[in-house]
Protein chains: 2
Amino acid sequence: MVDDRSNMGDMKSNDTRNHIIQVGAGLITQKGFGATGLNAVLTTCGVPKGSFYYYFSSKNDFGLAVIDTFAEEYDAKLDRILTDKTRSCIERLQAYFATGLETMTLCEYKEGCLIGNLGQELAGQNEIFRTRLDTVFTAWEKKFALCLAEAQANGDINPGLDPIDAASFLLSGWEGAILRSKVLKSTEPMERFIRVFFEHCLRCG
Amino acid sequence: MVDDRSNMGDMKSNDTRNHIIQVGAGLITQKGFGATGLNAVLTTCGVPKGSFYYYFSSKNDFGLAVIDTFAEEYDAKLDRILTDKTRSCIERLQAYFATGLETMTLCEYKEGCLIGNLGQELAGQNEIFRTRLDTVFTAWEKKFALCLAEAQANGDINPGLDPIDAASFLLSGWEGAILRSKVLKSTEPMERFIRVFFEHCLRCG
């Protein structure tokens, strides 16, 4: 039989760990992994500095937990949008891009994509981070490819496109457009990407 | 009349400054601006640590000089490729992408684009860097737009494309494809980008 008190203790411990991850994700997205100090994360969380190693074995372990948690939440969001049977595949893709535009405006162009940012910063230097980030990107591409293949099967988009090529193209283009928008401080590059992608690649504009 | 000896001194000083910039550019592209220590740059250059402030007023001043020097060299490369009258506009764009594939393979997927990397790292945090990086990206887009407009005037590409939209799309997509290739450790995303861009956007594949 489960001891209620220790169970409560575990829940509290999980809540604190999750709080550190969420705060960490925000700071890492803004400043990068290297520039995010653990003390700043813990101070923002109101967690005693000495207790970090109770939750994580190292800064890298913490960084990987941030990636895993973000990926889990983003996967659920992508599934919700890209398999929404009340909408056409084109409308689902439009809804996905609309959330990106909204997020970029809300953060005032200061953040961008956590996975893209970490890929830029760490992929060339750390194989464990690189493979973990690659797994996240690959999973996203698969979800986009399924949605594009469904659109194609329904006759809604350019029949000559290879859905896997197009999904890779969508992810690359969108990540690049987010970077360009961050540097321009305007959603214009994201809007141009969406326009060209729908009108000229998918040919459904 | 110019004093020859002081002239020689200026030349040597310029050579040293340029050497620090070139070494710095390599380290910054690999590790990022924040993670690049001035001591590492100077040690690699064989320049005494104390003399950094003879050449640059601050680390930011050095970072901006790295951007300016890189942009000047890259602009010259883009001009050489994109206005090469011995080739069609399509061939020029193909030649440009080919240099990117070659660079990515040569660095073993560890670097990517200096301007893209710095944009990801600094645009949200430092307005001086953001505007400087934006000026570089904007200049590249203009060169791509001119080449695409010439291709369109010659009847070589999709007449429905807006060259300015397409140039922004090209830059975003290529920057994102470089990032994705770095994370995958393969040029496949860059190759998929090129294939979809020529066949389905420009419609000249």
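Residues numbered from 1 in each chain as written. Chains lettered and ligands numbered in written order. Predicted model: local features only at pLDDT ≥ 70, side-chain atom pairs only at ≥ 80, totals over all residues. Heavy atoms only, no water.

What to know about the side chain of Gln 120 of chain B
- The topology assignment puts Gln 120 of chain B in helix 6 (residues 114-122).
- Excluding residues that lie within four positions of it along the chain, Gln 120 of chain B makes contacts with Gly 116, Asn 117, Gln 120, Leu 179 and Lys 182 of chain A together with Leu 179 of chain B. (Helix = DSSP H or I, 4+ residues; strand = E, 2+ residues; numbered from the N terminus. Contact = heavy atoms within 4.5 Å.)

A few points about the packing of helix 8 (residues 163-184) of chain A against helix 6 of chain B
- Where helix 8 of chain A meets helix 6 of chain B, the closest approach of the two axes is 9 Å, and the angle between their N-to-C directions is 65 degrees. Looking at the two axes, helix 8 of chain A sits roughly perpendicular to helix 6 of chain B. When you trace helix 8 of chain A past helix 6 of chain B, the crossing you get is left-handed. Seen from helix 8 of chain A, the contacting residues are Leu 179, Lys 182 and Val 183 of chain A; seen from helix 6 of chain B, they are Gly 116, Gly 119 and Gln 120 of chain B.
- Of the residues that constitute the contact of helix 8 of chain A with helix 6 of chain B, the class distribution is 2 nonpolar, 3 polar and 1 charged. (Axes fitted to C-alpha atoms, helices over the stretch in contact; angles between N-to-C directions. Parallel < 35°, antiparallel > 145°, perpendicular 65-115°, else oblique. Left-handed = near helix turned anticlockwise from the far one by under 90°. Nonpolar A, V, L, I, M, F, W, Y, C, P; charged D, E, K, R; others polar.)

Structural notes on the confidence of the model for chain A
- Per-residue pLDDT for chain A has a mean of 94; in total, 96% of the residues score no lower than 70.
- For this predicted complex, the interface confidence reaches an ipTM of 0.93, while the overall pTM sits at 0.93. (pLDDT = per-residue confidence, 0-100.)

Side note on the relation of the copies chain B and chain A
- Superposing chain B onto chain A takes a rotation of 180 degrees combined with a translation of 0.0 Å along the rotation axis, leaving an RMSD of 0.0 Å. The transformation just described matches what one would write down for a two-fold rotation axis. (Least-squares fit on C-alpha atoms with pLDDT ≥ 70 in both.)

Some thoughts on the packing of aromatic side chains
All names here are of chain B.
- Counted according to the given criterion, the structure contains 45 aromatic pairs over all chains.
- Between Phe 56 and Phe 62, the aromatic rings sit 5.3 Å apart at their centres with planes inclined by 70 degrees, giving edge-to-face as the arrangement.
- The exposure class of Phe 56 is buried, given its relative accessible area of 1%.
- Looking at Phe 62, the relative accessible area reads 1%, which means it is buried. (Phe/Tyr/Trp six-rings, centres within 6.5 Å; stacked < 30°, edge-to-face > 60°. Buried < 20%, exposed > 50% of the residue type's maximum accessible area, 1.4 Å probe, protein only.)

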